[in-house]
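Remarks on the overall topology
Residue-level listing of the chains:
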Amino acid sequence: MCATCGVPAHVPAPARKFAALRNADCRTYLFGAALAMMADNIEHVITYWVLWEKFHSPALTGFEVISHWVPFLLFSVYFGGLADRHDCRRVIQAAQVLFMLVSVAWGVLFLTGTLQVWEACLLLVLHGCAGAIWGPGEQLMLHDFVGEAELPSAVRLNATFRSLGILFGPVVGSALLLGLGPVAGIFVNVAFYLPLTLFLFRTRYTGHNRDGGVPRTRLGLVDSIRVVKEVRSDRTIVSMIILGGLGAFFVGASLQTSMPIYAQDLGAGNAGTAYGVLLFANGAGGVLGGILLEATGRIKPSVPAAVISTGVYGLTSLFFATTGSYALAVVALLIGGVANLASMSIGQTVVQLRANPADRGRVIGVYGVAANGLRSGSGFTVGLLGAAVGVHWSLGLSAAALTLGTAFAGWHALRAR
């Protein structure tokens, strides 16, 4: 064990830059995942616009965010167990099929004009469940594609390609909405899920080929509790979970939802253009971060690197919340995007490398509960608090809490070293 980095000492750092792209199956998967993530965001663009036009319900708008992340909070460990026990190709395909069925259902309801609030809520929850099912199986597939030595590259590049999907999703979604209308646009969106779904019929990797035939335990609530107890004994994994949870809970999804307010308040000419640039900077930071990390190879998956990158994310979020300069706000979003991608990819990699192979999916699920599920909490830390003191203050206080929490978590994680 490496005393300073918190990952197994026998795992060598990847010598090749963009190593995961040299594996043909991993490369194809990454492009397919980017398209699927783009489709996920296209659906948000189209459905959120239609729901607002039809119902004008702020409560439903809030539920859109909650329904997307609560399934991660409640079911990530269970879905990780599914990935542990079953062929991950089929688990991911099930998630993609659920995404497609939800899109088709939206299209039918839009076409017939029969959409009701309860139907919208059900479809929003199912969409969130599809994302939660996809996550653990995807991480096991990445490990199976490239092995431990090149896993950091695969996780970084996967996060980068997902960021590309998030970046282009609103652009393509807006084009479909304006060019084809919501009905045709949502039906066309189904096609973006197909490349990944079809590729998984072709690849020989199952997510378990490199595990050496370790026995798979049955699924169950007691078994999930056992995994959580075992995770608690590993200080490094716990540190990664805490850092991921801090970023998700205090900032999480709220940064994006608060963009319209900042675009207006920063006074950069046309508010619509300013909003688009801020959103683009937020997404581009993740893409830029993935490329820089992969091209330089200087930042290794370690506890200090995770602590520093999470702290930088908190500081840039704090600066964004308090600055009165539009140009500096854009720079803060770019740097914050780089730091956030570094923090999440490092945490995900360290958790995978240290997890017991028989329970890797469930351990990833525990991490997903914090890093994804707790994003629903940012609606309270920024959204509800913002209603009382203003979004600038609420985001600033939340970012300050993230920075201080990261400092304390880092001290706790590193003091034994």
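Anything mentioned here points back to the structure above.
Within each chain, residues carry numbers counting from 1 in the order of the written sequence. With pLDDT at 70 or above as the cut-off, local features in this predicted model cover only qualifying residues; side-chain atom pairs require 80 or more to be listed or tallied, and sums for whole chains, interfaces and linings still use all residues. To get the side-chain values, take all heavy atoms of the structure and skip hydrogens and water.

Moving on, we get to the nonpolar core. In terms of nonpolar packing, the biggest core is built from 61 residues, with Cys26, Tyr29, Trp106, Trp134, Leu142, Phe145 and Leu196 touching the most fellow members. Elements that contribute at least two residues to this core include exactly α1 (24–55), α2 (58–85), α3 (88–112), α4 (117–146), α5 (151–179) and α7 (194–202). Starting at the N terminus, helices and strands are each numbered in turn, a helix being any DSSP run of H or I of at least four residues and a strand any DSSP run of E of at least two. For this core, the element with the highest residue contribution is α1, accounting for 13 residues. Grouped together as the second largest cluster of nonpolar side chains are 45 residues, Val303, Val330, Ala332 and Ala371 included. By convention a nonpolar core is built from buried Ala, Val, Leu, Ile, Met, Phe, Trp, Tyr and Cys residues, the set being connected through side-chain atoms within 4.5 Å. The classification of residues rests on relative accessible area computed with a 1.4 Å probe and restricted to protein chains. Under 20% of the type maximum is buried, over 50% is exposed, and intermediate values are partly exposed.

Here we take up unusual backbone geometry. Its identity is not glycine, yet Phe18 carries a phi of approximately 55°, on the positive side. Here Phe18 is to be found in the segment before α1.

Only one rule defines a salt bridge in this text: a Lys or Arg side-chain nitrogen within 4 Å of an Asp or Glu carboxyl oxygen. Considering all chains together, one arrives at six salt bridges under this definition. Here Arg89 ties to Asp87 by a salt bridge, and the two come within 2.6 Å at their closest N and O atoms. Given a relative accessible area of 13%, Arg89 falls into the buried group. Sharing partners across several salt bridges, the network here consists of Asp84, Asp359 and Arg362.

Together, Leu73, Leu74, Phe75 and Tyr78 give the surface a local cluster of nonpolar side chains, amounting to about 370 Å² of exposed area. Tracing the backbone shows Leu74 in helix α2. Like charges within 9 Å and nonpolar side chains (Val, Leu, Ile, Met, Phe, Trp, Tyr) within 5 Å are joined into patches, using only residues over 30% in relative accessible area that form no salt bridge. All accessible areas in this document rest on Shrake-Rupley with a 1.4 Å probe, and a residue is counted as covered only by the protein chains that are shown.

Let us now look at the environment of Tyr29. Secondary-structure assignment places Tyr29 in helix α1. Spatially, the C-alpha atom of Tyr29 lies 8.8 Å from that of Leu142, the residues being 113 residues apart in sequence. Every residue pair with non-hydrogen atoms within 4.5 Å of one another is taken to be in contact. Setting aside residues up to four positions removed in sequence, Tyr29 forms contacts with Ile92, Trp134, Glu138, Leu142, Phe145, Asn158, Leu196, Phe199 and Leu200.

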